[in-house]
Amino acid sequence: MPGSSIGKCFRVSTFGESHGPAIGCVIDGCPPGLALAEADIQGDLDRRRPGQSRHTTQRQETDQVEILSGVFEGYTTGTPIGLLIRNTDQRSQDYGKIRDTFRPGHADYTYLQKYGRRDYRGGGRSSARETATRVAAGAVARKFLRERLGVEITAWLAQMGPVRARSFEHGEIGRNPFFCPDAAAAEEMAAFLDALRKEGDSIGARVDARVQGMPVGLGEPVFDRLEADIAKAMMSINAVKAVAVGDGFGVVEQRGSEHGDVLTPQGFASNHAGGVLGGISSGQDLTLSVAVKPTSSIRIPRQSIDLHGEPVEVVTTGRHDPCVGIRAVPIVEAMLALVIMDHWLRQRAQNGDVHPPLLPIPASR
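The structure displayed is predicted, hence computed values, not measured ones.

**Section: the packing of helix α1 (residues 38–48) against helix α3 (residues 131–149)**
Between α1 and α3, the shortest axis-to-axis distance is 8 Å and the interhelical angle comes to 135°. As summarised for this structure, α1 and α3 are arranged oblique, according to the angle between their axes. Where α1 crosses over α3, the handedness of that crossing is right-handed. Here α1 contributes D40, I41, D44, L45, R47 and R48 to the contact with α3, which in turn contributes T131, A132, V135, A136, A139, V140, R142 and K143. Residues of the contact of α1 with α3, tallied by class, amount to 7 nonpolar, 1 polar and 6 charged.

And the structure:
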């Protein structure tokens with residue numbers, strides 16, 4: 001399917017469907033000499049894996065990754081890296097009732113209109129199941145960025161419906177099933193989802209992210225600006241409906257005297273721009289927020305139409321996340337890693353011998 005690849009120098013192509021035998025990806029352009037084993041990838045996949053708490057879909061996939069190519073004697077060879085994740089817990093019969101109808105909010109209608117046919121078993125390629133391959137590829141990019149450049153990528157659930165994180169403790173992100181940096185807010189989220197699940201409904205969420213240790217100079221004017229490619233990568237994630245870099249929509253009420261990040265010999269005085277100026281990274285922390293819509297598969301009856309255009313009532317059964325924003329956290333991290341890795345390789349290729357007359361100033365004072 002066209003549109004199944006991302007990146008130019010670090011290019012990832014994904015394949016497979018939600019209820020097919022397997023999903024996977026091919027990474028082309030990974031530099032040689034990176035120590036890489038399946039264990040380096042599995043940790044990130046385990047964070048995205050379904051069925052780890054009562055708050056996510058109970059589909060029981062182990063998401064065990066297999067490295068098929070591109071690694072020899074424990075190191076990348078510079079040739080394409082093939083990664084495979086087998087599907088082991090499909091329940092295609094759960095979708096038999098909707099094979100001739102369209103679920104509101106899903107891609108059922110648009111896929112059929114575009115291709116003349118659709119895979120109704122969990123949505124096929126439109127399923128969030130596909131994102132496991134992105135997380136696998138992102139783990140490779142994250143390892144390179146961390147070990148070679150000191151880049152650290154962190155995302156967290158900042159808001160679920162009306163419940164917001166009111167404090168930030170980095171260590172708390174990995175201690176609760178919501179990837180929330182506020183322990184008290186995580187408890188509120190659990191109670192909120194328990195009540196929502198009984199109603200058969202779903203809820204949206206906001207995921208925030210920060211990239212520390214960003215190199216200066218990543219991004220290609222004019223159409224491949226760093227934040228433009230990041231926005232495209234984020235919007236390619238299932239259910240994402242909005243992306244904001246830096247202060248995002250907050251800039252609407254700011255004045256130029258407030259928004260412009262003052263430069264001093266000691267560093268930038270602020271970071272309203274989110275670490276990107278003119279589409280090029282400034283070396284400051286890259287910051288962004290992503291809005292995730294409510295899960296479209298819910299038990300509450302809704303009106304729709306069937307293949308004949310006749311009105312029907314749709315009730316979606318099966319195993320679904322009441323809030324897809326939870327498992328979007330490691331996916332956001334992965335997509336950030338893929339974009340940053342690609343742009344670092346592009347910068348090295350074109351401007352590797354450039355020596356700016358000014359040394360980079362610190363990220364902040």
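We are not done yet, so read on.
**Overview of the sheet that holds strand β11 (residues 240–245)**
Pairing between the strands of a sheet is mediated by backbone hydrogen bonds and can be parallel or antiparallel. Reading across from one edge, β9-β8-β10-β16-β11 is the order of the 5 strands in this open sheet, with antiparallel pairing throughout. Each edge of the open sheet is held by one strand with a lone partner, namely β9 (163–164) and β11. Direction of pairing for strand β8 (residues 152–160) relative to β9: antiparallel, over a ladder of 2 bridges. Across the sheet, Q159 pairs through a bridge with R164, a residue of β9.

**Notes on the environment of A184**
Within the element layout of this structure, A184 appears in helix α4 (residues 183–199). Since its relative accessible area comes to 40%, A184 is described here as partly exposed. Sequence-wise, A184 and R166 are 18 residues apart; in three dimensions their C-alpha atoms are separated by 8.6 Å.

**Some details on the sheet that holds strand β7 (residues 81–86)**
Sheet architecture is open: 5 strands sit in the order β1-β2-β3-β7-β4, paired in antiparallel fashion. Across the chains shown, the open sheet's two edge strands, defined by having one partner strand only, are β1 (5–6) and β4 (65–67). As defined by bridge partners, strand β3 (residues 22–28) adjoins β7 across 6 bridges and the pair is classed as antiparallel. Bridging across to β7, A22 finds its partner in R86. Contacts from α3 reach β2 (11–16), β3 and β7, with the element oriented near 35° to β3.

Here is what the cut-offs are and how they apply
Residues numbered from 1 in each chain as written. Predicted model: local features only at pLDDT ≥ 70, side-chain atom pairs only at ≥ 80, totals over all residues. Heavy atoms only, no water. Axes fitted to C-alpha atoms, helices over the stretch in contact; angles between N-to-C directions. Helix = DSSP H or I, 4+ residues; strand = E, 2+ residues; numbered from the N terminus. Parallel < 35°, antiparallel > 145°, perpendicular 65-115°, else oblique. Left-handed = near helix turned anticlockwise from the far one by under 90°. Contact = heavy atoms within 4.5 Å. Nonpolar A, V, L, I, M, F, W, Y, C, P; charged D, E, K, R; others polar. Pairing = 2+ DSSP bridges. Buried < 20%, exposed > 50% of the residue type's maximum accessible area, 1.4 Å probe, protein only.

Shape descriptors only; they carry no functional weight alone.
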